[in-house]
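# Architecture at a glance
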Amino acid sequence: MLPTKPASAMFVFGDSILDAGSAKFLPPNSSVAALSPPYGETYFKVSTGRFSDGRTLADFLAQWINLPFTRSYMDPDAVLEIGANFASAGSRLIGEYAGAVSFKTQIDQFTERVGLLRERYGDDRAKTILRDSVFIVAIGSNDLEALYFPTNSSFRRIGSSWRYYVGMMMEEYEATVKTLYNQGARKIVLVGVGPIGCTPAARYYVAKVGLITRRQKIGCLQALNEMAAFFNKSLRNLVNKMLFQLPELAMVFLKPYGLLMDAVRSPLENGFTNSREACCGDGLFHAGGCNNSSFVCPVPSTHLFWDSVHLTEAANLFLFRYFWFGDLRAAEPYNLKRLLA
């Protein structure tokens, strides 16, 4: 933990990777899985709406730079001057998903709150707060999974042209970055997508439909990983473009894909004993839903995955250490320490 605060506030956007409990404030038909035990059991000792047994990447960053955990912007106890969490489980870069706050809506909500900040403190003070804040965005996995497992006709029509769709995702991302920048954001962190084809849920699908081949000898869903890798490459190019176009921008691209793939392939060398099964869940790879009647492993920190698609607190800490201290393999153009220390 740093002795001073290198950022005055933190604003968080994205999906369940960074969600801090938005479902508590959404209609009953929204995702409520993480509002019940055993979610949160490791650190909070109570379910908070985070999709893990403990802290998320945003939580570790907040603690490290001496900021409080970000609250959902809908939380009546949220203090905008020290940040807010707009992330919502199920959110996508493009389009709506029932029970989730869309990414576009998250940005609109932030813009509305900035207006209130300016009314309360005036333009100069609001500008200072935003300039000295850190913004973190993690989104994209749900879009890619929806492309591979289409549930509606629009996705089915895309078919093999998913690369074109990723291009559309980058256009949405670019518009978002420019909106944040125009509102006053100067320190922005974008989190890439991990190897989503290696989650317990994806492994279950591979085993169920018999996709094991020589190329997929580790049991991952290779096609989904290829989509994730292409998305990450596109996002890295977008970061370079934004850094060139926006002269005051300090932007970092975090790269979980390779780090997590190393842990998948060599768990023991990376501090885990199990990188295939979820800690919480039933059935093959424990890929069934995680709830208060599910199997839960005795020591969650030994597992890479907490439930069928989300990481354990230990895995989030594993990533954070690389993102803060690591080299270009973990973050570009430099690490979080250089951005914030």
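See the structure shown above.
This section reports on the structure supplied with the text. Here the structure is a predicted model, which is why all the values come from computation and not from measurement. (Residues numbered from 1 in each chain as written. Predicted model: local features only at pLDDT ≥ 70, side-chain atom pairs only at ≥ 80, totals over all residues. Heavy atoms only, no water.)

## What to know about the state of the cysteines
Evaluation of the coordinates by the stated rule reveals three disulfides. Here Cys 198 engages in a disulfide with Cys 220; their sulfurs sit 2.0 Å apart. Across the disulfide from Cys 198 to Cys 220, rotation about the S-S bond amounts to roughly 110°, and the bridge is consequently right-handed. One end of the pair, Cys 198, is in the loop between strand S4 (187–191) and helix H7 (200–209); the other, Cys 220, is in the loop between H7 and helix H8 (222–245), and 22 residues separate them in sequence. Taken individually, Cys 198 and Cys 220 each receive the classification buried, so the pair is uniform in this respect. The disulfide that involves Cys 279 links it to Cys 297, with 2.0 Å between the sulfurs. In this structure, the disulfide formed by Cys 279 and Cys 297 twists by about -95° around the S-S bond and is classed as left-handed. Of the two residues, Cys 279 sits in the loop between strand S6 (274–278) and strand S7 (303–305) while Cys 297 sits in the loop between S6 and S7, which places them 18 residues apart along the sequence. Residue class for Cys 279 comes out buried when judged on its relative accessible area of 0%. For Cys 297, a relative accessible area of 4% translates into the label buried. (Disulfide = S-S within 2.5 Å. Helix = DSSP H or I, 4+ residues; strand = E, 2+ residues; numbered from the N terminus. Buried < 20%, exposed > 50% of the residue type's maximum accessible area, 1.4 Å probe, protein only.)

## Considering the pattern of salt bridges
Taken as a whole, this structure holds twelve salt bridges when the rule is applied. Two residues, Asp 75 and Arg 71, come together in a salt bridge whose shortest N-O distance is 3.1 Å. Taking the relative accessible area as the measure of exposure, Asp 75 reaches 12% and is therefore buried. (Salt bridge = Lys/Arg side-chain N within 4 Å of Asp/Glu carboxyl O.)

## Regarding the packing of aromatic side chains
Within this structure, the stated rule accounts for 24 aromatic pairs. Here Phe 13 and Phe 110 contribute two aromatic rings whose centre-to-centre distance is 5.5 Å and whose plane-to-plane angle is 90°, an arrangement assigned as edge-to-face. Note that Phe 13 is positioned in strand S1 (residues 10–14) and Phe 110 in helix H2 (residues 103–121), a separation of 97 residues in sequence. Taking the relative accessible area as the measure of exposure, Phe 110 reaches 0% and is therefore buried. Each member of the aromatic cluster is reached from another via a ring pair, and the members are Phe 11, Phe 13, Tyr 73, Phe 86, Phe 110 and Phe 135. Positioned above the aromatic ring of Phe 69, the side-chain terminus of Arg 50 is 5.5 Å from the ring centre. Just above the ring of Tyr 181 sits the side chain of Arg 186; from NZ or CZ to the centre is 3.8 Å. (Phe/Tyr/Trp six-rings, centres within 6.5 Å; stacked < 30°, edge-to-face > 60°. Lys NZ or Arg CZ within 6 Å of the ring centre and 35° of its normal.)

## Details of the side chain of Thr 56
Considering the arrangement of structural elements, one finds Thr 56 in the loop between S1 and helix H1 (57–64). Take Thr 56: its relative accessible area is 3%, and that puts it in the buried class. Thr 56 has contacts with Ile 17, Asp 19, Arg 50 and Asn 316, leaving out every residue within four places of it along the chain. (Contact = heavy atoms within 4.5 Å.)

## Description of the environment of Pro 76
You can see Pro 76 is positioned in the loop between H1 and strand S2 (83–85). Spatially, the C-alpha atoms of Pro 76 and Met 168 are 35 Å apart, while their sequence positions differ by 92 residues.

## Re the packing of H2 against helix H3 (residues 123–131)
Where H2 contacts H3, the axes come no closer than 7 Å and their chain directions differ by 130°. When the interaxial angle is binned, H2 and H3 end up oblique. For the element pair H2 and H3, the recorded crossing hand is right-handed. When H2 is examined against H3, the residues Phe 110, Val 114, Leu 117, Arg 118 and Tyr 121 are found in contact with a partner set consisting of Asp 123, Arg 125, Ala 126, Ile 129 and Leu 130. Residue composition of the contact of H2 with H3, by class: seven nonpolar, no polar and three charged. (Axes fitted to C-alpha atoms, helices over the stretch in contact; angles between N-to-C directions. Parallel < 35°, antiparallel > 145°, perpendicular 65-115°, else oblique. Left-handed = near helix turned anticlockwise from the far one by under 90°. Nonpolar A, V, L, I, M, F, W, Y, C, P; charged D, E, K, R; others polar.)

## So, the pairing of strand S3 (residues 134–138)
Counting buried residues along S3, five of its five residues qualify, which places the element largely inside the surrounding structure. Across the two faces of S3 the burial is the same, with Val 134, Ile 136 and Ala 138 and Phe 135 and Val 137 all buried. By the bridge criterion, five bridges tie S1 to S3 in an arrangement that is parallel. Of the residues in S3, the one forming a bridge with Phe 13 is Val 137. Of the strand pairs in this sheet, S3 and S4 are connected by five bridges, and their pairing is parallel. Paired with Ala 138 across the two strands is Val 191, which belongs to S4. (Pairing = 2+ DSSP bridges.)

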